[in-house]
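# Structural overview
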Amino acid sequence: MRRRTGLAAAVAAVLVLVSGCATGPSLETQGEVTTPPGDSKSLVVGSAGFTESDLLAQMYTLLLNKAGYSTRILSVANRELYEPALESGQIDVVPEYAATFADWLNAKKNGADAQPVGSPDLDATMKALRRLAAPRGLTVLDPGRAVDQNAFAVAASYAEQHKLKTLSDLGRSGLKVRLAAGDECVQRPYCAPGLKKVYGIDITGVDPKGVGTTQAKKAVQGGQDQMVLTTSTDATLDDFGLVLLKDDKKLQNADYLVPVVNRSRAGSKGVADALGRLGPVLTTADLASMNEQVDSWRRLPQDVARTYLEKKGLL
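First, a word on what this report is: a plain description of the structure on this page. (Residues numbered from 1 in each chain as written. Predicted model: local features only at pLDDT ≥ 70, side-chain atom pairs only at ≥ 80, totals over all residues. Heavy atoms only, no water.)

### A few points about the overall build of the chain
Counting its regular elements, the chain contains 13 helices and ten strands. Buried residues in the chain amount to 52% of all 315 residues. Looking at the chain as shown, the accessible area adds up to about 14,400 Å², and 51% of this sits on carbon and sulfur atoms. (Helix = DSSP H or I, 4+ residues; strand = E, 2+ residues; numbered from the N terminus. Buried < 20%, exposed > 50% of the residue type's maximum accessible area, 1.4 Å probe, protein only. Areas by Shrake-Rupley, 256 points an atom, 1.4 Å probe, with all protein chains shown as cover.)

This is the structure:
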């Protein structure tokens, strides 16, 4: 994912914040929820420092402001730092991704080799996520419609030539596919092994050019590779003449967008209602379009966020 500059300052800020007194549950009470929902009127909204997270943080801020809360945004491009700050109450709200965050909390509790709890099943993923989040003083609000998950794209001309719309179509075609992706794709179940097992796609090799990088997309555009691993909200596919193939058998995990809040400071119905207005409206396509406006058109995230919310009647 894309990152903003200024990481060092943001990290230093959070290190100072998390060293202060914590408002989450103590080690002795981890495993039970002991703090009643809070309703602080001054909230810190966290951003993970890349375009999409910046946009979501801006929208959260605007919706909370409309509901009577004062807000400021703190950008920290590292979950290892912003999640403890969220637990401590130094950050009150963050946009997260259901399956990824569930697996991250699970690994934090049970070790890096713990069996993943995120899955393509949204209900099961949310149940696991909330079970892991509650003892840490965190409340996971309802997921919305938008999902940012791993996705696979091919050249539009290639898709048209071979009549490809889904990954199943590609598997049935019998075409040999060289995949541009990160080097971890060789082993990750959602990547090369999953494409072979679930879809029967003949992956002949992984070209380690990264996830959704310009270099990877150019390799597919130029025919050096036949498919690229990217994300479902990638805003630049059209620029390279690429199209996504539908994950029709749901290989990818349910990385739906979810607001996560510190229960003791932002666990109120007021916060949930304010943020809950966005979920039923924001779609994956909407998010991709906003990413494009920031990344390609060089518009400011706060301007794009406000325009979108006004257009949808949320402001």
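### Comments concerning the sheet that holds strand β5 (residues 150–155)
Across the sheet, which stays open at both edges, the five strands sit in the order β7-β6-β8-β5-β9 with mixed pairing between neighbours. Edge positions in the sheet fall to β7 (202–208) and β9 (242–245), since each of these pairs with one other strand and no more. Between one strand and the next, the sheet's axes are offset by a mean angle of 40°, whatever the strand orientation. In this structure, β5 lies alongside strand β8 (residues 227–231), joined through four bridges in antiparallel fashion. Its bridge partner lying in β8, Ala-153 is registered against Val-228. Set on the sheet, helix α8 (residues 192–199) makes contact with β5, β6 (176–181), β7 and β8; between it and β7 the angle comes to about 165°. Running over the sheet, helix α9 (residues 214–221) touches β5, β6, β7, β8 and β9 and is turned about 145° from β8. (Pairing = 2+ DSSP bridges. Axes fitted to C-alpha atoms, helices over the stretch in contact; angles between N-to-C directions. Contact = heavy atoms within 4.5 Å.)

### Section: the packing of helix α2 (residues 51–66) against helix α12 (residues 284–295)
One can describe the packing of α2 onto α12 by two numbers: an axis separation of 9 Å at closest approach and a directional angle of 110°. In terms of their interaxial angle, α2 and α12 are classed as roughly perpendicular. Of α12, the residues touching α2 (which contributes Thr-51, Glu-52, Leu-55, Leu-56 and Met-59) are Leu-287, Met-290, Asn-291, Val-294 and Asp-295. Per-class residue counts for the contact of α2 with α12 are six nonpolar, two polar and two charged. (Parallel < 35°, antiparallel > 145°, perpendicular 65-115°, else oblique. Nonpolar A, V, L, I, M, F, W, Y, C, P; charged D, E, K, R; others polar.)

### A word on the side chain of Ser-119
Examined against the element boundaries, Ser-119 turns out to sit in the loop between α4 (98–110) and α5 (122–133). You can call Ser-119 buried: its relative accessible area is 18%. Engagement of the side chain of Ser-119 in a polar contact is seen with the backbone nitrogen of Asp-121, the distance being 3.1 Å. Apart from the residues within four sequence positions on either side, Ser-119 is in contact with Ala-99, Ala-124, Thr-125, Asn-253 and Ala-254. (Polar contact = N/O pair within 3.5 Å; in protein donor to acceptor, adjacent residues only side chain to side chain.)

### Remarks on the packing of aromatic side chains
Per the stated rule, a full pass over the model turns up one aromatic pair. Ring geometry for Phe-101 against Trp-104: centres 6.5 Å apart, planes inclined by 10°, an arrangement best described as stacked. Taken together, the positions of Phe-101 and Trp-104, both in helix α4 and three residues apart, correspond to about one turn of that helix. Residue class for Phe-101 comes out buried when judged on its relative accessible area of 0%. (Phe/Tyr/Trp six-rings, centres within 6.5 Å; stacked < 30°, edge-to-face > 60°.)

### Description of the packing of helix α3 (residues 79–88) against α4
Packing of α3 against α4 leaves a shortest axis separation of 13 Å and a crossing angle of 85°. The angle between the axes of α3 and α4 places the two elements in the roughly perpendicular class. Across the interface between the two elements, Arg-79, Glu-80, Glu-83, Pro-84 and Glu-87 from α3 touch Thr-100, Phe-101, Trp-104, Leu-105 and Lys-108 from α4. Looking at side-chain class alone, the contact of α3 with α4 contains four nonpolar, one polar and five charged residues.

### Thoughts on the pattern of salt bridges
Considering all chains together, one arrives at 15 salt bridges under this definition. Ionic pairing is found between Lys-209 and Asp-207, a salt bridge with its closest N-O pair at 2.7 Å. Residue Lys-209 shares its accessibility class with Asp-207, and that shared class is buried. Ionic contacts of the salt-bridge type, sharing partners, join the residues Glu-83, Glu-87, Lys-108 and Arg-136 into one network. (Salt bridge = Lys/Arg side-chain N within 4 Å of Asp/Glu carboxyl O.)

Any link to function would need more than the numbers given here.
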